Amino acid sequence: MPKKDENSDLLTVEEIQALRAEISMMHSSLATDIVSHAPLIKKVVDRFVERGLTQEWTEKLLAPLVGSTFEDDEAILIAYVLEELDTLLNVEEESTNLKRVVHIVVGGTGIGKTSLVGKLAARYTYFLKESHSVAFFNFDRQKVGAVEQLENYADAMDIRLINEEEFLEEEFDIVFVDTAGSNGDNFEALEAFIELIESSTPYKIIISLALSATSKLKDLKLIKERFESFPIKNLILTKLDETSDFSDMINFLIRQNLPVAYISTGQEIPEDLIVATKEHLLNQFMK
Ligand SMILES: Nc1nc2c(ncn2[C@@H]2O[C@H](COP(=O)(O)OP(=O)(O)OP(=O)(O)O)[C@@H](O)[C@H]2O)c(=O)[nH]1
Ligand SMILES: [Mg+2]
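Each residue is numbered by its place in its chain's sequence as written, counting from 1. Starting at A for chains and at 1 for ligands, labels are handed out in the order in which the entities are written. Totals for whole chains, interfaces and linings use every residue, but because this is a predicted model, local features are given only for residues with pLDDT of at least 70 and side-chain atom pairs only at 80 or more, for both listing and counting. Remark: hydrogens and water are excluded; side-chain values derive from all non-hydrogen atoms of the structure.

## Section: the overall build of the protein
Here is step 1 of the chain: Under the scheme used here, helices are H or I runs from DSSP no shorter than 4 residues and strands are E runs no shorter than 2 residues, and both carry numbers assigned from the N terminus. Helix and strand counts for the protein stand at 11 helices and 8 strands.
Here is step 2 of the chain: The principal-axis extents of the C-alpha atoms in the protein amount to approximately 65 × 55 × 35 Å.
Here is step 3 of the chain: When checking whether two residues touch, look at their non-hydrogen atoms; a contact exists if any pair is within 4.5 Å. Pairs at least 24 apart in sequence give 74% of the contacts found in the protein among residues at least 6 apart.
Here is step 4 of the chain: None of His or the chain ends enter the tally, which takes Lys and Arg as positive and Asp and Glu as negative. For the purpose of locating charges, the reference atoms are NZ of Lys, CZ of Arg, CG of Asp and CD of Glu. The averaged location of the 51 negative side-chain charges in the protein is 3 Å from the averaged location of its 28 positive side-chain charges.

## What about the environment of Ala 189?
Here is step 1 of the chain: Position of Ala 189 relative to the elements: it lies in helix α8 (residues 188–200).
Here is step 2 of the chain: Taking the C-alpha atoms as reference, Ala 189 lies 9.2 Å from Phe 139; in sequence the two are 50 residues apart.

## Details of the domain arrangement of the protein
Many analyses report the size of an interface as the accessible area lost when the parts associate.
Here is step 1 of the chain: Taken domain by domain, the protein holds domain 1 (13–88) and domain 2 (101–286).
Here is step 2 of the chain: For the domain bounds, the source is a domain assignment made automatically or taken from a database. Here the C-alpha centroids of domain 1 and domain 2 sit 35 Å apart.
Here is step 3 of the chain: On the side of domain 2, 10 residues touch domain 1, which itself brings 11 residues to the contact.
Here is step 4 of the chain: The term buried area refers to how much accessible surface (probe radius 1.4 Å) is lost by two components on association, counted for both of them together. When domain 1 packs against domain 2, the two sides together hide about 1,100 Å² of surface, and 61% of this comes from carbon and sulfur.
Here is step 5 of the chain: When the buried surface of domain 1 facing domain 2 is broken down by residue, Arg 51, Leu 85 and Asp 86 rank first, second and third, together holding 48% of it.
Here is step 6 of the chain: The term salt bridge refers to a pairing of a side-chain nitrogen on Lys or Arg with a carboxyl oxygen on Asp or Glu at a separation within 4 Å. Linking domain 1 with domain 2 are 0 salt bridges, by the criterion used here.
Here is step 7 of the chain: Contacts described as polar in this section are N or O atom pairs within 3.5 Å, which, within protein, must combine one atom able to donate a hydrogen with one able to accept it, while residues neighboring in sequence count only if both atoms come from side chains. Scanning the region where domain 1 abuts domain 2 turns up 4 residue pairs in polar contact (both at pLDDT 80 or more).
Here is step 8 of the chain: Looking at the side of domain 1 that touches domain 2, the elements with two or more residues in it are α2 (39–51) and α4 (74–88).
Here is step 9 of the chain: Counting residues per element, the side of domain 1 that touches domain 2 draws most heavily on α4, at 5 residues.

## Description of unusual backbone geometry
Here is step 1 of the chain: Of note, the amide linkage connecting Ile 269 to Pro 270 takes the cis form, showing an omega dihedral of 10 degrees.
Here is step 2 of the chain: Its location among the elements puts Pro 270 in the loop between β7 (260–264) and β8 (273–275).
Here is step 3 of the chain: Here Arg 100, not a glycine, exhibits a phi torsion of approximately 50 degrees, which is positive.
Here is step 4 of the chain: Residue placement: Arg 100 occurs in the loop between α4 and β1 (101–107).
Here is step 5 of the chain: Even without being a glycine, Lys 239 presents a positive backbone phi close to 60 degrees.
Here is step 6 of the chain: Here Lys 239 falls in the partly exposed class, since its relative accessible area comes to 25%. When accessible area is computed with a 1.4 Å probe and restricted to protein chains, residues below 20% of their type maximum are described as buried, those above 50% as exposed, and intermediate ones as partly exposed.

## Quick notes on the site of ligand 1
Here is step 1 of the chain: Near is defined per residue: the residue qualifies when any heavy atom it owns lies within 4 Å of the molecule or strand. Every one of the 18 residues lining ligand 1 counts as a neighbour, but Lys 113, Thr 114, Ser 115, Asp 241 and Ser 264 are closest to it.
Here is step 2 of the chain: Residue Gly 112 places a main-chain N or O atom 2.9 Å away from an oxygen atom belonging to ligand 1.
Here is step 3 of the chain: One nitrogen or oxygen atom from the side chain of Thr 114 is found 2.7 Å from an oxygen atom belonging to ligand 1.
Here is step 4 of the chain: Here ligand 1 loses 82% of its free accessible area of 660 Å² to cover by the protein chains.
Here is step 5 of the chain: Detection works on a 1 Å grid of protein atoms alone, calling trapped sets that fit a 1.4 Å probe cavities and calling open sets with protein on both sides within 12 Å along at least five of seven lines pockets, with lining residues defined by an atom within 4 Å of a point. Whether a molecule lies in a cavity or pocket depends on its atoms, and more than half of them have to be within 2 Å of the grid points. Because more than half of its atoms lie within 2 Å of the grid, ligand 1 is assigned to the largest pocket.
Here is step 6 of the chain: In terms of residues, the shell around ligand 1 owes the most to one element, helix α5 (residues 113–127), which gives 3 residues.
Here is step 7 of the chain: Classifying every residue of the shell around ligand 1 gives 1 nonpolar, 11 polar and 6 charged. Each accessible area is a Shrake-Rupley result for a 1.4 Å probe, and residues are judged covered by the shown protein chains and nothing else. For this classification, the nonpolar set comprises Ala, Val, Leu, Ile, Met, Phe, Trp, Tyr, Cys and Pro, the charged set comprises Asp, Glu, Lys and Arg, and every other residue, Gly included, is treated as polar.

## A word on the packing of aromatic side chains
When we look at a pair of aromatic rings, we describe it by the centre distance and by the angle of the planes.
Here is step 1 of the chain: Two rings from Phe, Tyr or Trp (for Trp, the six-membered ring) form a pair when their centres sit within 6.5 Å of each other. Planes less than 30 degrees apart are called stacked, planes more than 60 degrees apart edge-to-face, and all others tilted. Going through the model one piece at a time under the given rule, you end up with 9 aromatic pairs.
Here is step 2 of the chain: Look at Phe 139 and Phe 193: their rings are 4.9 Å apart centre to centre, the planes differ by 25 degrees, and that puts the pair in the stacked class. Taken as a pair, Phe 139 in strand β2 (residues 134–139) and Phe 193 in helix α8 lie far apart in primary sequence, 54 residues in all.
Here is step 3 of the chain: Overall, the relative accessible area of 7% leaves Phe 139 in the buried class.
Here is step 4 of the chain: When its relative accessible area of 5% is taken as the criterion, Phe 193 is described as buried.

## Re the pattern of salt bridges
Here is step 1 of the chain: Taken as a whole, this structure holds 9 salt bridges when the rule is applied.
Here is step 2 of the chain: A salt bridge links Glu 94 to Arg 123; the shortest N-O distance between them is 2.6 Å. Here Glu 94 is found in the loop between α4 and β1, whereas its partner Arg 123 is found in helix α5, with 29 residues between them in sequence.
Here is step 3 of the chain: The exposure class assigned to Arg 123 is buried, which follows from its relative accessible area of 18%.
Here is step 4 of the chain: A network of salt bridges, in which partner residues are shared, links Lys 43, Arg 47 and Glu 74.

## Concerning empty space enclosed by the protein
Here is step 1 of the chain: Grid points are joined across faces, edges and corners, and a volume is the space filled by probe spheres set on the points. Under the criterion given, the structure shown has 1 cavity of 30 Å³ or more.
Here is step 2 of the chain: Here the largest cavity defines a volume of roughly 100 Å³.
Here is step 3 of the chain: Taken together, 13 residues form the lining of the largest cavity, with Glu 92, Ser 95, Tyr 124, Asn 234 and Tyr 262 sitting closest to its centre.
Here is step 4 of the chain: Its residues placed into classes, the lining of the largest cavity shows 6 nonpolar, 3 polar and 4 charged.

This is the structure in structure tokens:
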């Protein structure tokens, strides 16, 4: 038990945090204890833990059902967990009829940002009910070959790749901006670019954080923290086709508040991109 600050009646932030952790631990062991008395609930907990949910989370969720009328109904217990996951997941409806938007995709290296920019630009130009005037802008100033990759997409899709001057002088419905993968120590240039757009153009900025489904929970949290200084609007998940284990991503998603906007399911541009739905995310987890 943390000691109270002797010079004050109030608890310090650290003391409150320590108390919270202690209470949470007591709740956890209590939940474990309660669940151990209900064999079917224990079985359902084990099933979801096998799928990758944490024991603590699942036990705390189901412990209140011990002694209830649902205690012996496996289907209802499973549905209860799925319903809770469904409630905690957050997806975003696709925005259409956009005018003067700069859509910037950020994220770690090699996780599919440039591919996403290509897929999204094609989608907004050709595949939606309302067509948009779209351009690419490259902010990937580090990687050798970054411009070529975007140039290839621009050629293949007949979408313009514009420079800074054209960006400031012409009008587009959406300019999709590709950025360099970053581990977070090199944000000044991007921050200055965002400031320039906000101060001297009528464009509204949307920033999406791309995250790979192949990343571990710890890394997903770390990446999100690193980009916290940007006003991230939504998440785009990539490489869902590359892993059969979606548990780290689900554990990450239910513990944070940003909505998922799109899901990338393969290397094909522009086909392998879908609007995120809770059903798709849950199916991927239960697969
Ligand atoms: N399987 C699979 N591969 C993908 C997906 N998205 C992108 N890729 C592949 O991942 C590799 C990297 O993709 P890029 O779009 O260049 O990734 P990036 O984030 O722009 O990379 P950097 O600019 O180097 O940081 C390429 O081989 C893509 O074809 C996906 O959803 N599934
Ligand atoms: Mg790239």
